[in-house]
Amino acid sequence: MALLGYFEIISAFLFFCLFWYLSHDNSLPRNYPLFGMLPELIIYSDEIHQACTNILSKTGGTFLFKGPWFANMDMLATVDPSNIHYIMSSNFPNFPKGPEFMKIFDILGDGIFNSDYELWRSQRKLARVLINHHRFHRFLARISRDKVEDGLIPVLDHVAKQGMIVDLQDLFQRLTFDTTCRFVTGYDPGCLSVGLPEVPFSRAMDDAEETIFVRHVVPESFWKLQRWLRVGQEKKMCEAWKTLDQVIGEYIEMKRKELSKGTQPTSKEDSEGIDLLT
């Protein structure tokens, strides 16, 4: 009787699994017991952008991702313009990031990406004034054009002549990084150049992004223990944080020295615009 009981239990469990599998829409990620949809995310990690595009196109532009039961990883993804406008503009005060967000994204400090309510409003107002300045627009247009002509095209010509295989995603990340540094600080780190040099700041950014992702997956107590012991992924975060602070500090110091000289921009520089810090 005991053996028959075990057989019935196992059969019922297998039947349940089969029914659950056949009733699921195979075009969408499966929500597994305990692990949620994380296994599906790992499977499609090499083509995550295309996978997200396919999922959102089949769900009307909004999808609820269920993470593992032991991690605070449930996320609502949306590309619906009306939803984005509702969340980011018309009803932004109703969607505060909260303290949990600031714990995970602590490397961003108290800036506009982490702030809420009045602090966010004041920083947003200041950022809009700076970004909408006509001289900054001219500067952004010029450096984007120059970086493509003097950086991207020469690299593509070089790899074409050498018959090399190159990662286009890496190239465009370097283009974005150099352009961003240039229009914020006025200085070009030269990440996008022939030879594709390793830039510590760019590497630190990659390590920080990887750590932030891991913090979404593992329990908070686990990554906090790693941070306390300075091991694993959190050790990378500590080193990346130091590199980012050091490089940003150097750029700010150079800009302060440049502005302290009191030199006025020439008519050509004025017509071509200025960087964000200036």
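Attention here is on the structure that accompanies the text. Along every chain, residues carry numbers that run from 1 in the direction the sequence is written. Local features are withheld for residues below a pLDDT of 70 in this predicted model, meaning they are given only at 70 or higher, and side-chain atom pairs are given and counted only at 80 or more; totals for whole chains, interfaces and linings count all residues. Only hydrogens and water are removed before side-chain values are computed, so all heavy atoms of the structure are retained for them.

## Description of unusual backbone geometry
Phi is positive for Leu 196, close to 45°, though the residue is something other than glycine. Only DSSP runs of H or I reaching four residues or more are called helices, and only runs of E reaching two or more are called strands; each is numbered from the N terminus. Within the secondary structure, Leu 196 is located in the loop between α8 (168-185) and α9 (200-217). Owing to a relative accessible area of 26%, Leu 196 belongs among the partly exposed residues under this scheme. Note on classification: 1.4 Å probe, protein chains only; a residue is buried when its accessible area is under 20% of the maximum for its type, exposed when over 50%, partly exposed between these limits.

## Here's the deal with the environment of Asn 114
In this structure, Asn 114 sits in the loop between α5 (98-104) and α6 (117-131). With eleven residues separating them in the primary sequence, Asn 114 and Lys 103 have C-alpha atoms 9.7 Å apart. Pairs of residues are marked as contacts when any of their non-hydrogen atoms sit within 4.5 Å. Not counting residues within four places of it along the chain, the set of residues in contact with Asn 114 comprises Lys 97, Phe 101, Met 102, Phe 105, Asp 106, Leu 108 and Gly 109. The term polar contact refers here to a pair of N or O atoms within 3.5 Å; inside protein, the definition further demands a hydrogen-donor-capable atom paired with an acceptor-capable atom, and it admits residues adjacent in sequence only when both atoms are side-chain atoms. For Asn 114, the side chain forms a polar contact with the main-chain oxygen of Phe 105, separated by 2.8 Å.

## Regarding the pattern of salt bridges
Each salt bridge in this description consists of a side-chain nitrogen of Lys or Arg and a carboxyl oxygen of Asp or Glu lying within 4 Å of one another. Within the structure shown, the criterion is met by 16 salt bridges. Its salt-bridge partner being Lys 103, residue Glu 220 comes within 3.4 Å of it at the nearest N-O pair. Here Lys 103 lies in helix α5 and Glu 220 lies in helix α10 (residues 220-229), a separation of 117 residues in the sequence. A salt bridge links Arg 174 to Asp 170, with the nearest nitrogen and oxygen atoms 3.0 Å apart.

## A word on the packing of aromatic side chains
The criterion for an aromatic pair is that two Phe, Tyr or Trp rings (for Trp, the six-membered ring) have centres within 6.5 Å, with stacked assigned to planes under 30 degrees apart, edge-to-face to planes over 60 apart and tilted to the rest. Applying the stated rule across the entire model yields five aromatic pairs. Seen in terms of ring centroids, Tyr 86 and Phe 95 are 5.9 Å apart; in terms of plane orientation they differ by 75°. Their pairing is edge-to-face. According to the relative accessible area criterion, Tyr 86 is partly exposed, its value standing at 41%. Looking at Phe 95, the relative accessible area reads 34%, which means it is partly exposed. A ring pair is formed by Phe 92 and Trp 120, whose centres lie 3.9 Å apart and whose planes are at 25°; its orientation type is stacked. Remark: Trp 120 occurs in helix α6 and Phe 92 occurs in the loop between α4 (81-90) and α5; sequence separation between them is 28 residues. Each member of the pair, Phe 92 as well as Trp 120, is classed as buried. Any Lys NZ or Arg CZ that is within 6 Å of a ring centre and within 35 degrees of that ring's normal is treated as a charge sitting over the ring. The ring of Trp 223 carries the charged tip of Arg 215 above its face, separated from the ring centre by 4.2 Å.

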